[in-house]
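# Examination of the molecular architecture
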Amino acid sequence: MHSITININNKQLVDKVMWFLEHLKNDGLEIISKEDIDDLKLLKATRKEKSIPFNEYLENES
């Protein structure tokens, strides 16, 4: 799989590029925002951290 990052500062050009890319989704193109990728990386990093059950968290909230 190849990843490409495209930075566009012009709103009209963003709309045109997104329109074009949307038409390639049926061919297997996956569109993910950079912000979503960053969030997923942060979330993945937390998987190795110790966690507690949600009920225990609520009991010790204060």
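See above for the structure.
Summary of the structure given here.

The rules we used
- Residues numbered from 1 in each chain as written.
- Predicted model: local features only at pLDDT ≥ 70, side-chain atom pairs only at ≥ 80, totals over all residues.
- Heavy atoms only, no water.
- Helix = DSSP H or I, 4+ residues; strand = E, 2+ residues; numbered from the N terminus.
- Rg over C-alpha atoms; globule rule 2.2 N^0.38 Å.
- Buried < 20%, exposed > 50% of the residue type's maximum accessible area, 1.4 Å probe, protein only.
- Areas by Shrake-Rupley, 256 points an atom, 1.4 Å probe, with all protein chains shown as cover.
- Lys, Arg positive; Asp, Glu negative; His and termini not counted.
- Charge placed at Lys NZ, Arg CZ, Asp CG, Glu CD.
- Polar contact = N/O pair within 3.5 Å; in protein donor to acceptor, adjacent residues only side chain to side chain.
- Expected span 1.5 Å × (residues − 1).
- 1 Å grid on protein atoms, 1.4 Å probe; cavity = no way out; pocket = protein on both sides within 12 Å on 5 of 7 lines; lining within 4 Å.
- Points joined across faces, edges and corners; volume = space filled by probe spheres on them.
- Nonpolar A, V, L, I, M, F, W, Y, C, P; charged D, E, K, R; others polar.

## A word on the overall build of the protein chain
Along its length, the protein chain carries 3 helices and 0 strands. Listing every helix and strand of the protein chain by position from the N terminus yields α-α-α. Here the C-alpha atoms of the protein chain give a radius of gyration of 19 Å, more than 25% beyond the 11 Å that 2.2 N^0.38 yields for 62 residues. Here the C-alpha coordinates of the protein chain stretch approximately 50 × 25 × 20 Å along the principal axes. Each of the 62 residues in the protein chain was classed as buried or not, and the buried ones make up 2%. Carbon and sulfur atoms make up 54% of the accessible area of the protein chain, which amounts to about 6600 Å² in all. Of the charged side chains in the protein chain, 9 are positive and 12 negative, and the gap between their average positions amounts to 7 Å.

## Some details on the environment of His23
Tracing the backbone through its elements, the reader meets His23 in the loop between helix 1 (11–22) and helix 2 (34–46). Accessibility expressed as a relative area gives 47% for His23, which makes it partly exposed. A distance of 2.6 Å separates the side chain of His23 from the backbone oxygen of Trp19, its partner in a polar contact.

## Re helix 1
Between its terminal C-alpha atoms helix 1 stretches 16 Å, which fits the 16 Å expected from 12 residues at 1.5 Å a residue. One side-chain oxygen at the N-terminal end of helix 1 lies 2.8 Å from the backbone nitrogen of Gln12; it belongs to Asn10.

## Topic: the layout of surface pockets
In this structure, the largest pocket occupies an estimated 860 Å³ of space. Taken together, 22 residues make up the lining of the largest pocket; nearest its centre are Ile4, Thr5, Glu30, Ile31 and Ile32. Mapped onto the lining of the largest pocket, the elements with two or more residues apiece are helix 1 and helix 2. Residue composition of the lining of the largest pocket, grouped by class: 12 nonpolar, 6 polar and 4 charged.

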